[in-house]
Amino acid sequence: MSDFFGKNIKELGFGLMRLPVVPGGEQKDIDFEQVQKMVDLFIERGFSYFDTAYLYHNGYSETVVKRCLVDKYPRGSFQVVDKMPLWNIKGKEDYEKIFRTQLERTGLEYFDVYYLHGIGVGSLDLLDKTGGWEYLRSLKDRGLAKHIGFSYHSPAEPLNRILDSHPEVELVQLQINYVDWDSESVQSRLCYEACRSRGVRVAVMEPVKGGSLANPHPNIQKIFKDYNPEASVASWAIRFAASLEGVVSVLSGMSSLEQVDDNTKTMSDFKPLTEAERAKIAEAVSAFAKIPTIPCTSCKYCMDECPKKINIPSILGMLNEYEKYQSAANQKFGYSMMTAMGGKASSCVGCRLCEKHCPQNIPITSHLKKAAKLFE
Ligand code: SF4
Ligand code: SF4
């Protein structure tokens, strides 16, 4: 239970960013009937924390708050988090314009938590120039946000500096899961410690790593299932995050009624991880490192003569991620962005100039065939 809102609330949050869409539909075509069932089950089981953002589902996630929550349940019975999209800010006046749109879309008069969305090293200048921090404080002063903070996607060192300069921050949303806890790139543990050493509370995003830890490589699943056949593999990831002290909410971007059912069961009767269970998670982290992957060193020698300008090392990296998490969904998104202007794996003409230059003797062309099948 978290006491952050002055009352005890259960620590599972409903992330409204991967909602089901109608068959064949796009991001905006949310299946409201199905989402209503998911929201109802979530609330019926005693949960109340919802997380949306201006950009999720092209703006339609915020309308879910109105249709499925605000129009049906009394205001005091749930908490809503929303976020300011910094990439849409060109000048000072944009903050209020966007915020008013968010109130209108959600049908709310205030947000329980309001974040600056996705702060990283690159956004600090913009915030200073456009008065972003002042605007955030003004929301709290005007009663339009009960609590303020930011979501964060960069290494720990800048986070220390930001928190020292902004003691008004009450809550930071961080990417935390057992795989990224000690990773050099995400630095979950160091970011978490930066917050907690200053008494700042934490909301956890990506506890299941975008769904990847729900269905990882069979070797990992075996570790968890041998220990406790009843518990879902995803529940280990949720419990890892929720066991951390000072966590207000663990967000799960749920896409189906089954996921709501599983997550709410895990967190209804939440028990922190035991020492023995922590040892199993450590075993899983080591097992991840041992999964055989393509030994590409990203030297890029293979790209020099490729007539199709294929970004071979990035594609091989995506295949390695696929191998670990057994799901192409996350890689597909990155792949489509990367190859939007060309250089798809399927454009390979089989000339093998790349293989001639690869110091690791990687059979690049056959891996590209696999990538084309999986990601295109
Ligand atoms: S075999 Fe394919 S990937 Fe390799 S150099 Fe030729 S076109 Fe590029
Ligand atoms: S040359 Fe081989 S090791 Fe180097 S980036 Fe290309 S595939 Fe990877």
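Novice: Help me get a handle on the confidence of the model for the chain, residues and values and all.
Specialist: A low pLDDT score tells you not to read the predicted coordinates there in detail. Of all residues in the chain, 100% have pLDDT values of 70 or greater, and the mean over the chain is 92. Per-residue pLDDT, averaged within each element of the chain, yields its smallest value for helix H13 (residues 329-338) (83) and its largest for helix H3 (residues 93-106) (98).

Novice: Which residues make up the environment of Leu-41, and what values go with them?
Specialist: In this fold, Leu-41 is placed in helix H1 (residues 32-44). As a C-alpha pair, Leu-41 and Ala-328 span 287 residues in sequence and 29 Å in three-dimensional space. Ignoring sequence-local partners within four residues, the contact set of Leu-41 consists of Leu-257, Val-260 and Asp-261.

Novice: Talk me through the domain arrangement of the chain; I want residue IDs and the actual numbers.
Specialist: By domain assignment, the chain separates into domain 1 (12-283) and domain 2 (301-375). Computed over C-alpha atoms only, the centres of domain 1 and domain 2 are separated by 32 Å. Taken together, the contact pairs 9 residues of domain 1 with 5 residues of domain 2. Note on domain 1 versus domain 2: buried area summed over both sides is about 580 Å², and carbon and sulfur give 48% of it. Contact with domain 2 buries area across many residues of domain 1, yet Ser-212, Asn-215 and His-217 alone supply 57% of it, more than any other trio.

Novice: So what's going on with helix H11 (residues 275-290)? Which residues, and what values?
Specialist: An ideal rise of 1.5 Å per residue puts 22 Å on 16 residues; H11 measures up with 23 Å between its terminal C-alpha atoms. Buried residues of H11: Glu-277, Ile-281, Ala-284, Ala-287 and Phe-288, and no others. All buried residues of H11 lie within an arc of 115 degrees about the axis, which places them on one face of the element. Along H11, exposed side chains directed more than 90 degrees from the buried face belong to Glu-275, Ala-289 and Lys-290.

Novice: Kindly report on the site of ligand 1, identifying the contributing residues and their values.
Specialist: Close to ligand 1 lie Cys-306, Pro-307, Ile-310, Ile-312, Cys-348, Val-349, Gly-350, Cys-351, Arg-352, Cys-354, Thr-365 and Leu-368, which account for all nearby residues. Classifying every residue of the shell around ligand 1 by side-chain character gives 9 nonpolar, 2 polar and 1 charged.

Novice: Explain the pattern of salt bridges residue by residue, including any values.
Specialist: The tally for this structure, following the rule as stated, stands at 29 salt bridges. In this structure, the salt-bridge partner of Lys-66 is Asp-71, at a minimum N-O distance of 3.1 Å. Given the relative accessible area of 31%, Lys-66 is considered partly exposed. Two residues, Arg-100 and Glu-96, come together in a salt bridge whose shortest N-O distance is 2.9 Å.

Cut-off values and rules
Residues numbered from 1 in each chain as written. Chains lettered and ligands numbered in written order. Predicted model: local features only at pLDDT ≥ 70, side-chain atom pairs only at ≥ 80, totals over all residues. Heavy atoms only, no water. pLDDT = per-residue confidence, 0-100. Helix = DSSP H or I, 4+ residues; strand = E, 2+ residues; numbered from the N terminus. Contact = heavy atoms within 4.5 Å. Domains from an automatic or database assignment. Buried area = accessible area lost by both parts, 1.4 Å probe. Expected span 1.5 Å × (residues − 1). Buried < 20%, exposed > 50% of the residue type's maximum accessible area, 1.4 Å probe, protein only. Arc of directions from axis to C-beta. Near = heavy atom within 4 Å. Nonpolar A, V, L, I, M, F, W, Y, C, P; charged D, E, K, R; others polar. Salt bridge = Lys/Arg side-chain N within 4 Å of Asp/Glu carboxyl O.

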